[in-house]
Amino acid sequence: AQSSPYFLGKAKEQLYFLNGLIEKILDINKFEKKSNPLNKSLFNIEEAVDPHIARHSLDTTKKISITFVPDKENNMIYGDRLHISNAVGNLIDNAIKYSDDPVNIEIRSGIKERYFYISVQDNGIGIPKEEQGKVFEKFYRVRRKEHSQKGKGFGLGLNYVMWVVRSHRGKIELESEPGRGSCFTLFINNREHGKENSAGR
């Protein structure tokens, strides 16, 4: 059997590859004009989440615990694996950036009505109610001192996440309170592919 370092190495390789692609994706004009067509297929959501968990298991700057609890009976999603994986990775990166040490993140996935959902819950500093609707705007920065001290703000990353969700005819929900963490939930329309998948019906 292959060793854990081998699999972590492979996961790291994959993430470097994805990061190279995301630089191209984040050309704002391109993705807003939809000249990046989605490459949809049926895949297991664990394929999109596990590499990010492996990547952060190698992080030594903070103590990071990421728990992934997929609904094993409903773990097949129809969508663009690259974009969905990048969106989830973006939420994980934000959760780590805006959390103190230790970082505790819980990811859940499954089917809810006509959507496939992926939620990312953190124990971070949270976002005030009055700013929650604005964090998905291009270049918006949360104004609280705690956010400015921890990084450059949410900015383009969440704007990209919103684009991914809308491109899949879905939606995003945010629940957060200052000092009590945040939970971002992506809802991907899981029915628009016709007869290719019966999940969620």
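Reference entry: report on the structure contained in this document. It should be emphasised that the depicted structure is a prediction, and the values quoted were computed from it without experimental measurement. Position numbers for residues count from 1 along each chain, tracking the sequence in the order it is written. Whole-chain, interface and lining totals are the exception, using all residues; otherwise, since this is a predicted model, local features are given only for residues with pLDDT of at least 70 and side-chain atom pairs are given and counted only at 80 or more. Here the side-chain values reflect all heavy atoms present in the structure, with hydrogen atoms and water set aside.

**A short note on the environment of aspartate 50**
The condition is simple: The numbering of helices and of strands both runs from the N terminus, where a helix is a DSSP run of H or I of at least 4 residues and a strand a run of E of at least 2. Here the term buried applies to any residue with accessible area under 20% of the maximum for its type, exposed to any over 50%, and partly exposed to those in between, with areas from a 1.4 Å probe on protein chains only.
With respect to the element layout, aspartate 50 can be found in helix H3 (residues 45-57). The exposure class of aspartate 50 is partly exposed, given its relative accessible area of 37%. C-alpha separation for the pair aspartate 50 and glycine 89, spaced 39 residues apart in sequence, amounts to 9.9 Å.

**Some details on the packing of H3 against helix H4 (residues 81-97)**
This is how it is decided: Whenever a helix is involved, its axis is fitted only over the stretch in contact; in every case the axis is a line through C-alpha atoms, and angles between N-to-C directions fall within 0 to 180 degrees. The crossing is said to be left-handed when, going from far helix to near helix, the turn is anticlockwise and less than a right angle, and right-handed when the turn is clockwise. Between two residues, a contact is recorded if the distance between any of their heavy atoms is within 4.5 Å. Residues are grouped as follows: nonpolar covers Ala, Val, Leu, Ile, Met, Phe, Trp, Tyr, Cys and Pro; charged covers Asp, Glu, Lys and Arg; every other residue, Gly included, is treated as polar.
Where H3 meets H4, the axes come as close as 9 Å, and the angle between the chain directions of the two elements is 35 degrees. Where H3 crosses over H4, the handedness of that crossing is right-handed. In contact with Ile45, Glu47, Ala48, Val49, His52, Arg55 and His56 of H3, H4 contributes Arg81, Ile84, Ser85, Val88, Gly89, Ile92, Asp93 and Ile96. Looking at the contact of H3 with H4 residue by residue, the class counts come to seven nonpolar, four polar and four charged.

**A look at the pattern of salt bridges**
Operational definition: For this analysis, a salt bridge means a side-chain nitrogen from Lys or Arg found within 4 Å of a carboxyl oxygen belonging to Asp or Glu.
If you walk through the whole model with that rule in mind, you get five salt bridges. Note that glutamate 47 is salt-bridged to arginine 81, the shortest N-O span being 2.3 Å. Residue glutamate 47 is found in helix H3, and its partner arginine 81 is found in helix H4; the two are separated by 34 residues along the sequence. Residue classification places arginine 81 among the partly exposed positions, given a relative accessible area of 39%. Arginine 108 serves as the salt-bridge partner of glutamate 106, at 2.7 Å between the closest nitrogen and oxygen. For glutamate 106, a relative accessible area of 31% corresponds to the partly exposed category. You can call arginine 108 partly exposed: its relative accessible area is 36%.

**So, the packing of aromatic side chains**
Applicable threshold: Geometry of aromatic contacts follows a simple scheme: Phe, Tyr and Trp rings, the Trp one being its six-membered ring, pair when their centres are within 6.5 Å, and the pair is stacked under 30 degrees between planes, edge-to-face over 60, tilted otherwise. Note on geometry: a ring has a charge over it if NZ (lysine) or CZ (arginine) is within 6 Å of the ring centre and within 35 degrees of the ring normal.
Scanning the model with the defined rule gives three aromatic pairs in all. The interplanar angle of 75 degrees and the centroid separation of 5.8 Å between the aromatic rings of tyrosine 115 and phenylalanine 187 together place this pair among those described as edge-to-face. On the criterion of sequence distance, the pair formed by tyrosine 115 in strand E5 (residues 115-121) and phenylalanine 187 in strand E7 (residues 182-189) is long-range, its members being 72 residues apart. By relative accessible area, tyrosine 115 is classed as buried at 8%. Looking at phenylalanine 187, the relative accessible area reads 5%, which means it is buried. Aromatic ring contacts, followed pair by pair, group Tyr115, Tyr117 and Phe187 into a single cluster. The side chain of lysine 112 reaches across the aromatic face of tyrosine 117, ending 4.9 Å from its centre. A cation sits over an aromatic face here: lysine 171 above phenylalanine 187, 5.2 Å from the ring centre.

**Notes on H3**
Quick reminder of the rule: To estimate the expected span of a helix, subtract one from its residue number and multiply by 1.5 Å. For the purposes of these results, a polar contact is taken to be a pair of N or O atoms within 3.5 Å, where, inside protein, one atom must be able to donate a hydrogen and its partner to accept one; residues adjacent in sequence count only when each atom of the pair is a side-chain atom.
Counted at 1.5 Å a residue, the expected span for H3 with its 13 residues is 18 Å, and the 19 Å between its end C-alpha atoms agrees. For H3, the complete set of buried residues consists of Ile45, Glu46, Ala48, Val49, Pro51, His52, Ala54 and His56. If you check the start of H3, you find a side-chain oxygen 2.9 Å away from the backbone N of glutamate 46, and it comes from asparagine 44.

**What about a positive patch on the surface?**
Note the threshold: For patches, a residue must show more than 30% relative accessible area and have no salt bridge; joins then use 9 Å for like charges and 5 Å for nonpolar side chains, namely Val, Leu, Ile, Met, Phe, Trp and Tyr. All accessible areas in this document rest on Shrake-Rupley with a 1.4 Å probe, and a residue is counted as covered only by the protein chains that are shown. The convention is simple: Lys and Arg are positive, Asp and Glu are negative, and His and the chain ends are not counted. By convention, charge coordinates are those of NZ in Lys, CZ in Arg, CG in Asp, or CD in Glu.
Among the surface-exposed residues, Lys112, Arg114, Lys171 and Arg191 lie close enough to one another that they form a single positively charged patch. Secondary-structure assignment places lysine 112 in strand E4 (residues 103-112). On the basis of relative accessibility, which here comes to 44%, the residue lysine 112 falls in the partly exposed class.

**Some details on H4**
If you check H4, its first and last C-alpha atoms are 24 Å apart, about what 17 residues at 1.5 Å a residue would give, namely 24 Å. In terms of residue burial, H4 counts as a mostly covered element, since 13 of its 17 residues are buried.

**Considerations on the environment of serine 119**
Inspection of the secondary structure puts serine 119 in strand E5. Accessibility expressed as a relative area gives 10% for serine 119, which makes it buried. C-alpha of serine 119 to C-alpha of valine 69: the two residues are 50 residues apart in sequence and 9.9 Å apart in space. The residues contacting serine 119, other than those within four sequence positions of it, are Glu106, Ile107, Arg108, Cys183, Phe184 and Thr185.

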